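Each chain, written out:
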Amino acid sequence: MAKLIFISGTPTSKIVGDKLNINYYEKNGFIVEFWNLTLLYHSKTSLAAYFGGHSDYRFQFTIERNFTTRAELKIALQNLTSNVLFCHLDFSQHDDYWLRHLFKVCSIRYYVGPKRTSQNFIIHNGQSLSINSFIYKALSSIKARISTKYLKEKFCNTIYKWTNYYQKPKFVIGSGTKGRFEWLRATQADYFVSVPSNDVIMERLPKTISKSYCVYVDDAVIYSPDQIMTTNKQSTCLDIEEYSTNIRTVFDMVEKTLDCQVVVATSGKYKYPDSKIFGGREIFYSKTNQLIQHSCLVLGHASSAVWQVIIDLKPIILLQDPSFIKAKNVSVGLQGAFIGVSPIQSTKLMPSDLKVTNINLDHFRFLTNKYFCEVGVKGSAEEVIKNELNKFLRLDKSI
């Protein structure tokens, strides 16, 4: 039986694990392991903080091996049998060139993905950016490009591209025509496997709520794991009480104007002790895509979960807020530029803004093909990947 080993130095949340549907491969003929390299990149304290917002936020693998040194990993790689294929989950998300070289030294076969098409490639397709968002983005880019880290990455990437010093993947998995171009270029893989994006759900799911409702896509404002890892700060909000007041005012306006209830959809990064912060509205965990599918209106900020509106052609209002840190409001602006809507300050929202009917169908269909699912791709991502793995392993065995 073939062994499939997922390897990553990025903390793997339940959100990521569920999207990858890793248990599917265990049920379909593979021995599945997870090799955890997070302690090579992060401290135990920062990892505890990352998963600290919800007791179930960490994905539980059936078989998991934790590595604390590169030497320990090298020994494990050298002791593997031949019928093994690695899935490099976080290729290029941090400094992983040492791992690519180690794969070369140990003659390790691997593939990359499924990978999301980078936001650096998508922010110019919709609305134009505000001047503040543009300046913030430009200054951040300039700052990054003059850093030692950036120069090192450019040097290693040049070596990767033009030599055989690093092991290159057999294939890369991604979504959309832009994903095909981006990830073949980035990985130098032999070929691309196109799948529906795991950020969205292509098939229709049953209703969770029978009545008409508006769904608010929670953005983990109170407790943001990504914010903790990058800035060591827990929240993307400067004043939680102000945020709560503003968002509840928005909810009240929606319910009065549209005569429908507002429900809250959250990914599970943070476990709310109660629903007081949302004025007692019902909170649903891990059902965001499904709730968006059957909603009459979507409210959100910068979460990737709101991309489901593109697939289901749903009206959406993106909200910035005076209580958010600057980077958060910029992210909302970038999200609007991609989707093709202009964000509104929560404190300036008017009842007339809720009559959203101008969905740009052509733009949404354009985005679907370019970023989420190429025309002609059939079946679930898991089925496509499983078939590709079996085909690759059979072909490799016959050589």
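Residues numbered from 1 in each chain as written. Predicted model: local features only at pLDDT ≥ 70, side-chain atom pairs only at ≥ 80, totals over all residues. Heavy atoms only, no water.

**Student:** What is the right way to look at the overall build of the chain in this model?
**Tutor:** A tally of helices and strands in the chain yields 15 helices and 13 strands. Across its three principal directions, the C-alpha atoms of the chain cover 65 × 45 × 40 Å. Among the 399 residues that make up the chain, the fraction classed as buried is 49%. Sequence separation of at least 24 residues holds for 75% of the intrachain contacts in the chain that already meet a minimum separation of 6. (Helix = DSSP H or I, 4+ residues; strand = E, 2+ residues; numbered from the N terminus. Buried < 20%, exposed > 50% of the residue type's maximum accessible area, 1.4 Å probe, protein only. Contact = heavy atoms within 4.5 Å.)

**Student:** Could you clarify how one ought to interpret a nonpolar patch on the surface in this entry?
**Tutor:** Where nonpolar side chains cluster on the molecular surface, the patch consists of Met1, Ile31 and Ile63 and spans about 290 Å² of accessible area. Note that Ile31 resides in strand S2 (residues 31-36). A relative accessible area of 32% places Ile31 in the partly exposed class. (Patch = residues over 30% accessible without salt bridge, like charges linked within 9 Å, V, L, I, M, F, W, Y side chains within 5 Å. Areas by Shrake-Rupley, 256 points an atom, 1.4 Å probe, with all protein chains shown as cover. Salt bridge = Lys/Arg side-chain N within 4 Å of Asp/Glu carboxyl O.)

**Student:** How should I be thinking about helix H10 (residues 240-258) in this particular structure?
**Tutor:** Owing to its 3.6 residues per turn, the α-helix aligns residues three or four sequence positions apart on the same side. The end-to-end C-alpha distance of H10 is 27 Å, a good match for the 27 Å that 19 residues give at a rise of 1.5 Å each. Inspection of H10 places Tyr243, Ser244, Asn246, Ile247, Val250, Phe251, Met253 and Val254 among the buried residues, and these make up the whole buried set. Where the residues of H10 are buried, they touch strand S8 (213-217), strand S9 (261-266), strand S11 (297-300) and strand S12 (316-320). At the N-terminal end of H10, a side-chain oxygen is found 3.1 Å from the backbone nitrogen of Glu241, two or three residues along, and the residue is Asp239. Where H10 terminates, the next one or two residues include Asp259, which has phi positive at roughly 55°. (Expected span 1.5 Å × (residues − 1). Polar contact = N/O pair within 3.5 Å; in protein donor to acceptor, adjacent residues only side chain to side chain.)

**Student:** Mind showing me how you'd approach the pattern of salt bridges here?
**Tutor:** Oppositely charged side chains can form a pair if their charged atoms are brought close together. Per the counting criterion, the structure on display carries 13 salt bridges. With a closest N to O distance of 2.6 Å, Lys328 and Asp219 form a salt bridge. Of this pair, Lys328 sits in helix H13 (residues 326-339) while Asp219 sits in the loop between S8 and helix H9 (225-231), and the two are 109 residues apart along the sequence. For Arg281, the salt bridge identified is with Asp252, shortest N-O distance 2.7 Å. Residue Arg281 is found in the loop between S9 and strand S10 (283-285), and its partner Asp252 is found in helix H10; the two are separated by 29 residues along the sequence. Assessed through its relative accessible area of 10%, Arg281 is described here as buried. Residues joined in a network through salt bridges with shared partners are Lys19, Arg116 and Asp199.

**Student:** Got a minute to help me understand the sheet that holds strand S4 (residues 84-88) in this structure?
**Tutor:** Pairing between the strands of a sheet comes from backbone hydrogen bonds, and it takes one of two forms, parallel or antiparallel. Spatially, the 7 strands line up as an open sheet ordered S3-S2-S1-S4-S5-S6-S7, and their pairing is parallel. Each edge of the sheet is formed by a strand with only one pairing partner; in this case those strands are strand S3 (64-66) and strand S7 (191-194). This sheet shows a mean twist of 25° between the axes of neighbouring strands, independent of strand direction. Along the sheet face, helix H8 (residues 176-187) touches strand S5 (110-115), strand S6 (171-174) and S7 and points at about 150° away from the line of S7. (Pairing = 2+ DSSP bridges. Axes fitted to C-alpha atoms, helices over the stretch in contact; angles between N-to-C directions.)

Distances and angles like these do not, on their own, reveal function.
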